[in-house]
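Single-letter residue listing:
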Amino acid sequence: MTATVPPAPSENPIPDPAGRVELPPGVVLTDARFVNDDLLPVPLARRRWTTYNFTALWVGMAHNIPSWLLASGLVALGMDWKQAVFTIALANVIVLAPMLLTGHAGPKYGIPFPVLARASFGLRGANLPAMIRAGVACAWFGIQTWIGGQGIFVLLGKLFGGWAEASEVGGQPWTLWVCFVLFWALELAIIHRGMEALRRFENWAAPFVIVGALVLLVWVANKAGGFGPLLDQPSQLGWGADFWPVFFPSLMGMIAFWSTLSLNIPDFTRFGAGQRAQVWGQTLGLPTTMTLFALLSVFVTSGSQAVYGAAIWDPVQLAAGTDNVFGLLFALVTVLVATISVNIAANVVSPAYDLANLAPRFITFRTGALITGVVGVVIMPWKLTETPELYIFTWLGLVGGLLGTVAGILIADYWIVRRTRLDLTDLYTPGGRYWYTSGWNVHAVVAFAVGGVLAVGGSHSAPGKGPFPQDGLIPFLKPLADYGWAVGLAASLVVYVALTAGRLRV
């Protein structure tokens, strides 16, 4: 049962000068089905992340090998470097908007994403978006951990030699599996120490990774005597009829790259000192860093073409081209820091909270993190990056459509229906205003179903390039598939507002 002694009226929460709210004095929440220490609102005294902390968080997350490879994937699809950088920059400006909108609830109420989702989906229904987000994060965790393990394998192989020739297990050298497992264990050891340890890690990881990327740029430029012909290569698509059919699904894919965080950003902003910190921190950290990283990727790759006669898009393979022991060690540490930084923050924190929300009595934040690590390995998600078509159009497109649908519902409920006013106590109380029908808000489920079908129902693949039919799962929805994230967000938002506006108690 949940005891409240006595709850203050929801219209009169206890604010502070920054507009933040915490539980009224004397309120005790004890229903283990919906409460544990990790899901409770962060007390005002512990909400102290500053603008720098949020900026550093994004710098640390954006500077990783998969985001470095985003530009290469777009160039492989026929874009020139200017088109690729433009697509990435525009995508991150667009995705910043829902990031800031959903992030608002974090510093104001101190709640994580699955608790915020209870306001729109219901106390039990919140597990639907939470498990979708958790599943995506587990897959990303596996992808990032595999890439990080490969980086360690390549660089250690250069240092010690003979690693690539080791006997194979499961189609890969056993030394690669050792690197993968050790890297996996290191990640979980860091997250086991909690969110404050993550904040401290991100604070120094962010500038270190920036320095590492710039060192790689200077090294390549010095060896090349300037940059190579890659910057002069024309687009294979032009800016006409051939460009737009590639641009729009690519844009949705680039948005989908961070659409995961546009849902669970309250997991971080709940520690914010105020709205100014999260707004400026994210604005300074996300679009600027991703655009800069895309430019670095292009410039460094251009230099590699001048040095080696071929464009080397993978920074690990490029760094392995040096015979300098110090350079190899520096590259190894940079890869470790960069990959750990993004993987822990983006792909472990969210499912840890999401799984805790599923069964608070049995699953803590740390237990959820361990489950994430295990599931991320078991599902073998590294296969999703085998081709640009599979990675950008299938994986990112599908993920973006579903997550955009959830984002539309969260934004509609929090901003349009409730005007940012929530009752903290009832977010943890069965039978309260967010209980709806046995813990489920049917309106949110309907909006999710409509938005989801419209967003991903037309998913299609070229013959031999993906798992979907060439004409789409639902052929008449095929034209919408290239705009999945935007379609899902807009459709679910409109449907939810139409079903609920004026009917819910704020």
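It should be emphasised that the depicted structure is a prediction, and the values quoted were computed from it without experimental measurement. (Residues numbered from 1 in each chain as written. Predicted model: local features only at pLDDT ≥ 70, side-chain atom pairs only at ≥ 80, totals over all residues. Heavy atoms only, no water.)

Colleague: Help me out: how do you make sense of the overall build of the chain in this one?
Modeller: Along the backbone of the chain there are 19 helices and 4 strands. For the chain, buried positions account for 58% of its 506 residues. Accessible area of the chain: about 19,100 Å², with a carbon and sulfur share of 67%. (Helix = DSSP H or I, 4+ residues; strand = E, 2+ residues; numbered from the N terminus. Buried < 20%, exposed > 50% of the residue type's maximum accessible area, 1.4 Å probe, protein only. Areas by Shrake-Rupley, 256 points an atom, 1.4 Å probe, with all protein chains shown as cover.)

Colleague: Would you mind showing me how to read the environment of D482 here?
Modeller: Relative to the elements of secondary structure, D482 occurs in the loop between α18 (478–481) and α19 (484–500). Leaving out residues up to four positions away in the same chain, D482 has contacts with P245, F248, P249, M252 and H460. (Contact = heavy atoms within 4.5 Å.)

Colleague: What is the right way to look at the packing of aromatic side chains in this model?
Modeller: Aromatic ring pairs: the centre-centre distance and the angle between the two ring planes describe each pair. Tallied over the full model, the rule gives 17 aromatic pairs. Between W49 and F54, the aromatic rings sit 5.5 Å apart at their centres with planes inclined by 50°, giving tilted as the arrangement. The buried category is assigned to W49, whose relative accessible area is 2%. Given a relative accessible area of 1%, F54 falls into the buried group. Between the aromatic rings of W244 and F247, the centroid separation amounts to 5.4 Å while the plane-to-plane angle is 90°, which identifies the pairing as edge-to-face. Taken together, the positions of W244 and F247, both in helix α9 (residues 244–264) and 3 residues apart, correspond to about one turn of that helix. The class of W244 is partly exposed, set by a relative accessible area of 38%. The exposure class of F247 is buried, given its relative accessible area of 4%. One aromatic cluster in this structure is built from F86, W239, F243, W244, F247, F248 and Y483. (Phe/Tyr/Trp six-rings, centres within 6.5 Å; stacked < 30°, edge-to-face > 60°.)

Colleague: What am I meant to see in helix α15 (residues 365–378) here?
Modeller: Owing to its 3.6 residues per turn, the α-helix brings residues three or four apart onto one side. Between its first and last C-alpha atoms α15 spans 20 Å; for 14 residues at 1.5 Å apiece the expected length is 20 Å, and the two agree. Buried residues of α15: F365, G368, A369, T372, G373 and G376, and no others. Within α15, the buried residues cover an arc of 145° as seen down the axis, which keeps them to one side. M380 lies just past α15 and shows a positive phi near 50°. (Expected span 1.5 Å × (residues − 1). Arc of directions from axis to C-beta.)

Colleague: Help me understand the packing of helix α6 (residues 127–160) against helix α13 (residues 325–347) in this model?
Modeller: For any two helices packed against each other, one specifies the inter-axial angle together with the distance between the axes. Contact geometry of α6 with α13 gives a least axis separation of 9 Å together with a crossing angle of 175°. In terms of their interaxial angle, α6 and α13 are classed as roughly antiparallel. Partitioning the contact of α6 with α13 into residue classes produces 16 nonpolar, 7 polar and 2 charged. (Axes fitted to C-alpha atoms, helices over the stretch in contact; angles between N-to-C directions. Parallel < 35°, antiparallel > 145°, perpendicular 65-115°, else oblique. Nonpolar A, V, L, I, M, F, W, Y, C, P; charged D, E, K, R; others polar.)

Colleague: Hey, could you run me through the pattern of salt bridges in this one?
Modeller: When the charged atoms of two side chains lie near each other, side chains of opposite charge can form a pair. Within the structure shown, the criterion is met by 4 salt bridges. Of the charged contacts in the structure, one is a salt bridge between D31 and R33, with a shortest N-O distance of 2.9 Å. When its relative accessible area of 4% is taken as the criterion, D31 is described as buried. Given a relative accessible area of 39%, R33 falls into the partly exposed group. A salt bridge links R433 to D423, with the shortest nitrogen-to-oxygen separation between them at 3.8 Å. Pair noted here: R433 is in the loop between α16 (388–417) and α17 (442–456) and D423 is in the loop between α16 and α17, with a separation of 10 residues, a long-range link. (Salt bridge = Lys/Arg side-chain N within 4 Å of Asp/Glu carboxyl O.)

Colleague: Looking at this structure, I do not really get the environment of A407. What am I missing?
Modeller: Inspection of the secondary structure assignment puts A407 in helix α16. For the pair A407 and F448, spaced 41 residues apart in sequence, the C-alpha separation works out to 9.8 Å. Beyond its immediate chain neighbours, meaning those up to four positions away, A407 contacts L263 and L489.

Colleague: I'm lost on unusual backbone geometry in this one. Help?
Modeller: Working note: non-glycine residues mostly have negative phi, and peptide bonds are mostly trans. Residue R419 is not a glycine yet carries a positive backbone phi of 55°. Structurally, R419 is set in the loop between α16 and α17. Judged by its relative accessible area of 60%, R419 falls in the exposed class. Its identity is not glycine, yet Y436 carries a phi of approximately 55°, on the positive side. Inspection of the secondary structure puts Y436 in the loop between α16 and α17.

Colleague: How do you make sense of α9 when you look at a structure like this?
Modeller: With 21 residues, α9 ought to run about 30 Å at 1.5 Å a step, and its terminal C-alpha atoms sit 31 Å apart, in line with that. At W258, α9 is bent by approximately 45°, the largest bend along its length. By the criterion of burial, α9 is predominantly enclosed, with 18 of the 21 residues buried. (Bend = angle between axes of the 7 residues up to and from the residue.)

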